[in-house]
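The residues making up each chain are set out below.
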Amino acid sequence: MKSRISLAIVAAGGLAAVLVLVAVVAMLRPAAKPPERLQPGRWAVATGLNGQTLGTPTSTCITAQDALAANGTEDDIAAAARREGAAQSCRVTQVLIAGPAITVDMVCQGQPARSSMVYRGTSYEGTMATGIGRPNARVIAMKGQRIGDC
């Protein structure tokens, strides 16, 4: 009987040691890196308005800093949305992130607007809708494809 109790104490102590070891390893592991939704580089970007294509794609360089607007933590993405919104006289009301999709709701000059983008590393597509629910509503469609380095 005495050996069973000793064995139970040793087993319980062993389990506690394993749990402590697991907790220490978890703390030493680096924090999860946000996903890379958008790779920096040279991009070809095509836009359209209310279903109509507008001209030929334009080329732009997206830096690693620029890419934080899609690749950062939720706080990074929300801060970038607020900065960009303020530059366009908009007030961001909500930022939703679901895997590769980022949706930003805002109010621009008194009108509701929504940006919805899906990023796939070397491509993206989405829309920017303004005047939602109003007769003068506009939907700008955007598609981007990484075409190389800057």
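See above for the structure.
About the criteria used
- Residues numbered from 1 in each chain as written.
- Predicted model: local features only at pLDDT ≥ 70, side-chain atom pairs only at ≥ 80, totals over all residues.
- Heavy atoms only, no water.
- Helix = DSSP H or I, 4+ residues; strand = E, 2+ residues; numbered from the N terminus.
- Expected span 1.5 Å × (residues − 1).
- Buried < 20%, exposed > 50% of the residue type's maximum accessible area, 1.4 Å probe, protein only.
- Arc of directions from axis to C-beta.
- Contact = heavy atoms within 4.5 Å.
- Salt bridge = Lys/Arg side-chain N within 4 Å of Asp/Glu carboxyl O.
- 1 Å grid on protein atoms, 1.4 Å probe; cavity = no way out; pocket = protein on both sides within 12 Å on 5 of 7 lines; lining within 4 Å.
- Points joined across faces, edges and corners; volume = space filled by probe spheres on them.
- Nonpolar A, V, L, I, M, F, W, Y, C, P; charged D, E, K, R; others polar.
- Phe/Tyr/Trp six-rings, centres within 6.5 Å; stacked < 30°, edge-to-face > 60°.

Q: Can you lay out helix α3 (residues 74-87) for me, pointing to particular residues and giving the numbers?
A: Taking 1.5 Å of rise per residue, 14 residues should cover 20 Å, and α3 covers 20 Å from first to last C-alpha, within 8% of that figure. Three or more residues of α3 are buried, namely Ile77, Ala78, Ala80, Ala81 and Gly85. One side of α3 carries all its buried residues, which in axial view fall inside an arc of 160 degrees. Projecting away from the buried face of α3 at angles above 90 degrees are the exposed residues Asp75, Arg83, Ala86 and Ala87. Check the buried side of α3 and you find it contacts α2 (64-71), β4 (90-98) and β5 (101-108). A positive phi of about 60 degrees marks Ser89, the residue just after α3.

Q: Quick rundown of the pattern of salt bridges? Include the residues and the values.
A: A side chain with one charge may pair with a side chain of the opposite charge, provided their charged atoms come close. Tallying each qualifying case throughout the model produces three salt bridges. Salt-bridge contacts for Glu125 lead to Arg120; the nearest nitrogen and oxygen are separated by 3.2 Å.

Q: Quick one: what's the story with the layout of surface pockets, residue by residue and with numbers?
A: By volume, the largest pocket is sized at about 1200 Å³. What lines the largest pocket is a set of 40 residues, among which Glu84, Ser115, Tyr119, Met128 and Met142 lie closest to the centre. Sort the elements by how many residues they give to the lining of the largest pocket and α3 lands first, with seven residues. Taken together, the residues of the lining of the largest pocket sort by class into 25 nonpolar, eleven polar and four charged.

Q: Tell me about the packing of aromatic side chains, residues and numbers included.
A: Counted by the stated rule, this structure contains two aromatic pairs. The interplanar angle of 35 degrees and the centroid separation of 5.4 Å between the aromatic rings of Trp43 and Tyr124 together place this pair among those described as tilted. Taken together, the positions of Trp43 in strand β1 (residues 41-49) and Tyr124 in strand β7 (residues 123-130) put the pair 81 residues apart, joining distant regions of the chain. Using a relative accessible area of 0% as the deciding quantity, one classes Trp43 as buried. Accessibility expressed as a relative area gives 11% for Tyr124, which makes it buried. Seen in terms of ring centroids, Tyr119 and Tyr124 are 5.8 Å apart; in terms of plane orientation they differ by 45 degrees. Their pairing is tilted. The two residues Tyr119 and Tyr124 agree in class, both being buried. Here the aromatic cluster, defined as three or more aromatic residues joined through ring pairs, consists of Trp43, Tyr119 and Tyr124.

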